[in-house]
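Single-letter residue listing:
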Amino acid sequence: MVNLINDLSLARGSDLVINDQITIRQPTIDEIAEIGEVKYYSFCQNFTAHTLDENVIVYLDKLGIDFTTISDWELFVGLVSTYDQDIATLIFGNLDITTLQATNLEDGSLCLQNKDGVVITEDIYNQVVRNIRKMNNMPEPQFTRIMDDPVQKKMAIDAAKRNVQSTMNRARFYPMRSVLLPVVSSVIAYCHWTFDEVLNMKIFRFWEIVSRIQALDNANHLYTGLYSGCVSFKDNPSLKKDLDWMRALH
């Protein structure tokens, strides 16, 4: 089953109905701030974790699991008991993820089921992940697999360990700062809105506006470059797309 994401419905702030058991609601910026920006984004990143994420590669290596032999779905099933129910409630309403247990359907395929009878299959999981990434402006994974080669795998593990350790070292000396605040302030300054107006925006609408501002500014600078002779269509034919700041951005 393919779940098509309706961007206009997202921009209206509508809930995203996956099926009659699971609905994703969009939090506002204010709700994210209230529950904790770090907690919220950590949940979203962990919930949509990909087996080629560097922290996942390191985590699986510590468990002695070859990261090339496990799927995103299997990773999710293994991690679901560690997810924060407070954030899950913000996003999924009454869905209880604390009682999700791995079981099998009649056809033998793996699924998760909680005490209320809510069933999450791999297909449902994929739909939920796509929607969470979409509404939070999270990119889809660039790479989906790596060559099944011992040298390539060792290089990937070593690089992941270096980068994860480097991130941990930076965090020790440089305290984590808000990701949303500078973007919120920029939107307020650019659009001349009030702080409350932006705080009350649903998260997808907010990121859509940010993307549109960036597209408009980029197009204006390109027009200036074209008229001044600093930029040439002949040398850069792909610029025609960037000049159309009203194009679909997702």
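None of the values given here were measured: they were computed from a predicted structure.

J.: How would you explain the overall build of the protein if you had to name every residue and give the values?
T.: On a plain count of helices and strands, the protein comes out with 12 helices and 5 strands. Burial status across the protein gives 37% buried among its 250 residues. Expressed as a percentage of contacts within the protein between residues at least 6 apart in sequence, the contacts between residues at least 24 apart total 62%. Counting only carbon and sulfur atoms, one obtains 54% of the accessible surface of the protein, whose full area is about 15,200 Å². Treating the 23 positive side-chain charges of the protein as one cloud and the 32 negative ones as another, the clouds have centres 7 Å apart.

J.: I'd like to hear about the nonpolar core, residue by residue, with values.
T.: In this structure, Tyr40, Phe92 and Phe206 are the most contacted members of the largest nonpolar core, which totals 62 residues. Ranked by residue count, the leading element in this core is helix α11 (residues 203–228), at 7 residues. Dropping the residues within four chain positions of it, Phe92 is found in contact with Ile22, Thr23, Ile24, Phe43, Phe47, Val128 and Ile132.

J.: I'd like a rundown of α11, residues and numbers included.
T.: An ideal rise of 1.5 Å per residue puts 38 Å on 26 residues; α11 measures up with 38 Å between its terminal C-alpha atoms. Gly229 sits one or two residues past α11 and shows a positive phi near 85 degrees.

J.: Go over the environment of Asp107, please, and point to the residues and values.
T.: Structurally, Asp107 is set in the loop between β3 (101–104) and β4 (110–113). According to the relative accessible area criterion, Asp107 is exposed, its value standing at 63%. Sequence separation of Asp107 and Asn236 is 129 residues, and the distance between their C-alpha atoms is 54 Å. A polar atom in the side chain of Asp107 sits 2.6 Å from the side chain of Ser109.

J.: Please give an account of the pairing of β3 that cites residues and values.
T.: Inspection of the sheet shows β3 paired to β4 by 4 bridges, in the antiparallel sense. Bridge pairing links Ala102 to Leu112 in β4. What sits between the antiparallel neighbours β3 and β4 is a turn of 5 residues, in which Gly108 has the positive phi angle 90 degrees.

About the cut-offs
Residue numbers restart at each chain and count upward from 1, following the sequence in its written direction. Given that this is a predicted model, residues contribute local features only at a pLDDT of at least 70 and side-chain atom pairs are listed and counted only at 80 or more, while totals for whole chains, interfaces and linings are drawn from all residues. In computing side-chain properties, one takes all heavy atoms of the structure into account and sets aside hydrogens as well as water. Note on conventions: DSSP H or I runs of at least 4 residues are helices, E runs of at least 2 residues are strands, and numbering of each starts at the N terminus. Here the term buried applies to any residue with accessible area under 20% of the maximum for its type, exposed to any over 50%, and partly exposed to those in between, with areas from a 1.4 Å probe on protein chains only. Contacts are residue-level and defined by heavy atoms, with any inter-residue pair within 4.5 Å sufficient. Accessible areas in this description were obtained via Shrake-Rupley with a 1.4 Å probe; residue shielding takes into account the shown protein chains only. Under the convention used here, Asp and Glu are negative, Lys and Arg are positive, and both His and the chain ends fall outside the count. Throughout, a charge is located at the NZ atom of Lys, the CZ atom of Arg, the CG atom of Asp or the CD atom of Glu. The criterion is simple. A nonpolar core is a set of buried Ala, Val, Leu, Ile, Met, Phe, Trp, Tyr and Cys residues joined through side-chain atoms within 4.5 Å. One fewer than the residue count of a helix, multiplied by 1.5 Å, yields its expected span. Here a polar contact means two N or O atoms within 3.5 Å. Within protein one must be a hydrogen donor candidate and the other an acceptor candidate, and residues neighboring in sequence count only if both atoms are side-chain atoms. Two strands pair if DSSP finds at least two bridges between them.

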